[in-house]
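So the chains spell out like this:
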Amino acid sequence: MLKIIIKDGENIERALKRYKRKHRNIKVMQNLREGQFFTKPSVRRRREVQKAAYIQNLRDQADV
């Protein structure tokens with residue numbers, strides 16, 4: 001459970017922004033979506049490899 005402690009005189013928008021950042025960083029929604037359906041371990045590994053290759057390609061293009 002996420003807890004955001006609001007300091008004295010802190011703007012509510014700023015506290016909400018901190019909450020959203022924490023929520024995004026712990027990947028709550030992503031974990032919920034992944035848990036809805038079973039994915040085979042081989043498919044999960046293939047996606048990880050494809051993602052790593054994509055990121056590496058982006059980095060290689062940036063270096064050129």
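No experiment lies behind these values; they were computed from the predicted model shown.

### Digging into the overall build of the chain
Along the backbone of the chain there are three helices and zero strands. Reading the chain from its N end, one meets helices and strands in the order α-α-α. In terms of overall size, the chain is more extended than a compact globule, its C-alpha atoms giving a radius of gyration of 18 Å where 64 residues would be expected to give roughly 11 Å. Across its three principal directions, the C-alpha atoms of the chain cover 50 × 40 × 10 Å. Of all 64 residues assigned to the chain, the portion counted as buried reaches 6%. A total of about 6,500 Å² of accessible surface is found on the chain, and carbon and sulfur atoms cover 54% of it. Taken together, the 18 basic and 7 acidic charged side chains of the chain have centroids lying 6 Å from each other.

### Structural notes on a positive patch on the surface
Among the surface-exposed residues, Lys7, Arg14, Lys17, Arg21, Lys22 and Arg24 lie close enough to one another that they form a single positively charged patch. Assessed through its relative accessible area of 57%, Lys17 is described here as exposed.

Each value, and the rule that gives it
Residues numbered from 1 in each chain as written. Predicted model: local features only at pLDDT ≥ 70, side-chain atom pairs only at ≥ 80, totals over all residues. Heavy atoms only, no water. Helix = DSSP H or I, 4+ residues; strand = E, 2+ residues; numbered from the N terminus. Rg over C-alpha atoms; globule rule 2.2 N^0.38 Å. Buried < 20%, exposed > 50% of the residue type's maximum accessible area, 1.4 Å probe, protein only. Areas by Shrake-Rupley, 256 points an atom, 1.4 Å probe, with all protein chains shown as cover. Lys, Arg positive; Asp, Glu negative; His and termini not counted. Charge placed at Lys NZ, Arg CZ, Asp CG, Glu CD. Patch = residues over 30% accessible without salt bridge, like charges linked within 9 Å, V, L, I, M, F, W, Y side chains within 5 Å. Salt bridge = Lys/Arg side-chain N within 4 Å of Asp/Glu carboxyl O.

Scope: geometric values only; no functional claims are made or implied.
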